[in-house]
Amino acid sequence: IQIKKTIMEELKKFKQEGNIYSLKTTQSATYVLVIFGLLLFYIAFFVLDSTDKTPRYSAAIIGLLLIFAAYLRFGAKFIIDKNTGKIIIKRNAISREMEFNIKDFSRFHVEKVISLGLITTNVSGSIHFLKDGQEKGFLMVQTFLFSRPVQEVIDEAAGILEIPNE
């Protein structure tokens, strides 16, 4: 099992502290949301000069919603704790942490959304658990345009969990 050894030696997507592995969060998409939200907010109040206030307020509200959505993603985390045999998931800044046993792991799932012809617009990777006869899935990573980063995260997670990834 040379692949597992190579993955474990060269972790690019996870940060290792002993037997605890934390998914490194790539905040680039989140920063884009914040910048776009601030830009809309700025345009709404300093560029749009209209007697009708509806476009101004609409742009301001959308800008604030984008900033709030980015804030939620900053608190997300995904941790594999091999000491306790648990996977800890926090979806966003205001949700609570959820713990799952590594034994309850079911599968990984990669989903690509292709629109605008042949352009991939959204790729997401999730982890699924089988608990109490029901399968529950949680987002691990999401990217735009490219699927390779999602596959790299799933390959590393499979290596950490010592699960053959097909």
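To keep things clear, this report deals only with the structure shown in the data block.

### Description of the side chain of Asp104
Logical step 1: Note on placement: Asp104 falls in the loop between β5 (98–101) and β6 (105–115).
Logical step 2: When sequence neighbours within four positions are dropped, the list of residues in contact with Asp104 reads His128, Phe129, Leu130 and Lys131.

### A short note on the pairing of β5
The side chains of a regular strand alternate, first on one face of the sheet and then on the other.
Logical step 1: Side-chain alternation along β5 places Met98 and Phe100 on a buried face and Glu99 and Asn101 on a face that remains uncovered.
Logical step 2: In the sheet, strand β4 (residues 86–90) pairs with β5 via four bridges, with the strands oriented antiparallel. What sits directly across from Ile89, in β5, is Met98.

### What about the pairing of strand β8 (residues 134–143)?
Logical step 1: Both strand β7 (residues 119–131) and β8 contribute to a ladder of nine bridges, which runs antiparallel. In the strand pairing of β8, Lys131 is matched with Gln134.

### Notes on the sheet that holds β8
Logical step 1: Read from one edge of the open sheet, three strands run β6-β7-β8, paired in antiparallel fashion. Edge positions in the sheet fall to β6 and β8, since each of these pairs with one other strand and no more. Strand-to-strand twist of the sheet, defined as the mean angle between neighbouring strand axes without regard to direction, takes the value 25 degrees.
Logical step 2: By the bridge criterion, 10 bridges tie β6 to β7 in an arrangement that is antiparallel.

### Quick notes on the environment of Lys86
Logical step 1: As for its position among the elements, Lys86 is in strand β4.
Logical step 2: The class for Lys86 is partly exposed, based on a relative accessible area of 26%.
Logical step 3: Those residues in contact with Lys86, other than ones at most four positions away along the chain, are Ile79, Ile80, Asp81, Glu99, Phe100, Asn101 and Ile102.

### Observations regarding a nonpolar patch on the surface
Logical step 1: Taken together, the side chains of Phe36, Leu39, Phe41, Tyr42, Phe45, Phe46, Val47, Tyr57, Ile61, Leu64 and Leu65 present a nonpolar region at the surface, about 1,100 Å² in accessible area.
Logical step 2: Listing elements by their share of the nonpolar patch, those giving two or more residues are α2 (28–47) and α3 (54–74).
Logical step 3: Looking at which element gives the most residues to the nonpolar patch, the answer is α2, with seven residues.
Logical step 4: Residue position: Phe45 is located in helix α2.

### Regarding the nonpolar core
Logical step 1: Counting residues in each nonpolar core, the largest one holds 25 residues, and the members touching the most others are Phe14, Phe78, Ile80, Phe108 and Ile127.
Logical step 2: Where this core is concerned, the elements lending two or more residues are β2 (20–23), β3 (77–81), β4, β5, β6, β7, β8 and α4 (148–160).
Logical step 3: When residues in this core are grouped by element, the largest group, six residues, is from α4.
Logical step 4: Setting aside chain neighbours within four positions, we find Ile80 in contact with Phe14, Asn19, Ile20, Tyr21, Lys86, Ile87, Ile102, Ala157, Ile160 and Leu161.
Logical step 5: The next biggest cluster of nonpolar side chains, apart from the first, holds five residues, and it includes Leu40, Ala44, Ala60 and Leu66.

### Some words on the pattern of salt bridges
Logical step 1: In this structure the tally under the stated criterion is five salt bridges.
Logical step 2: A salt bridge links Lys15 to Glu17; the nearest nitrogen and oxygen atoms lie 3.7 Å apart.
Logical step 3: Owing to a relative accessible area of 43%, Lys15 belongs among the partly exposed residues under this scheme.
Logical step 4: Judged by its relative accessible area of 53%, Glu17 is exposed.

### A look at α4
The periodicity of an α-helix, 3.6 residues per turn, causes residues three or four places apart in sequence to face the same way.
Logical step 1: For α4, with 13 residues, the first-to-last C-alpha span of 18 Å sits near the 18 Å given by 1.5 Å per residue.
Logical step 2: Considered for burial, the residues of α4 that qualify are Val150, Val153, Ile154, Glu156, Ala157, Ala158, Gly159 and Ile160.
Logical step 3: Phi for Glu162, located one or two positions after α4, is positive at around 60 degrees.

Parameters at a glance
- Residues numbered from 1 in each chain as written.
- Predicted model: local features only at pLDDT ≥ 70, side-chain atom pairs only at ≥ 80, totals over all residues.
- Heavy atoms only, no water.
- Helix = DSSP H or I, 4+ residues; strand = E, 2+ residues; numbered from the N terminus.
- Contact = heavy atoms within 4.5 Å.
- Buried < 20%, exposed > 50% of the residue type's maximum accessible area, 1.4 Å probe, protein only.
- Pairing = 2+ DSSP bridges.
- Axes fitted to C-alpha atoms, helices over the stretch in contact; angles between N-to-C directions.
- Patch = residues over 30% accessible without salt bridge, like charges linked within 9 Å, V, L, I, M, F, W, Y side chains within 5 Å.
- Areas by Shrake-Rupley, 256 points an atom, 1.4 Å probe, with all protein chains shown as cover.
- Salt bridge = Lys/Arg side-chain N within 4 Å of Asp/Glu carboxyl O.
- Core = buried A, V, L, I, M, F, W, Y, C linked by side-chain atoms within 4.5 Å.
- Expected span 1.5 Å × (residues − 1).

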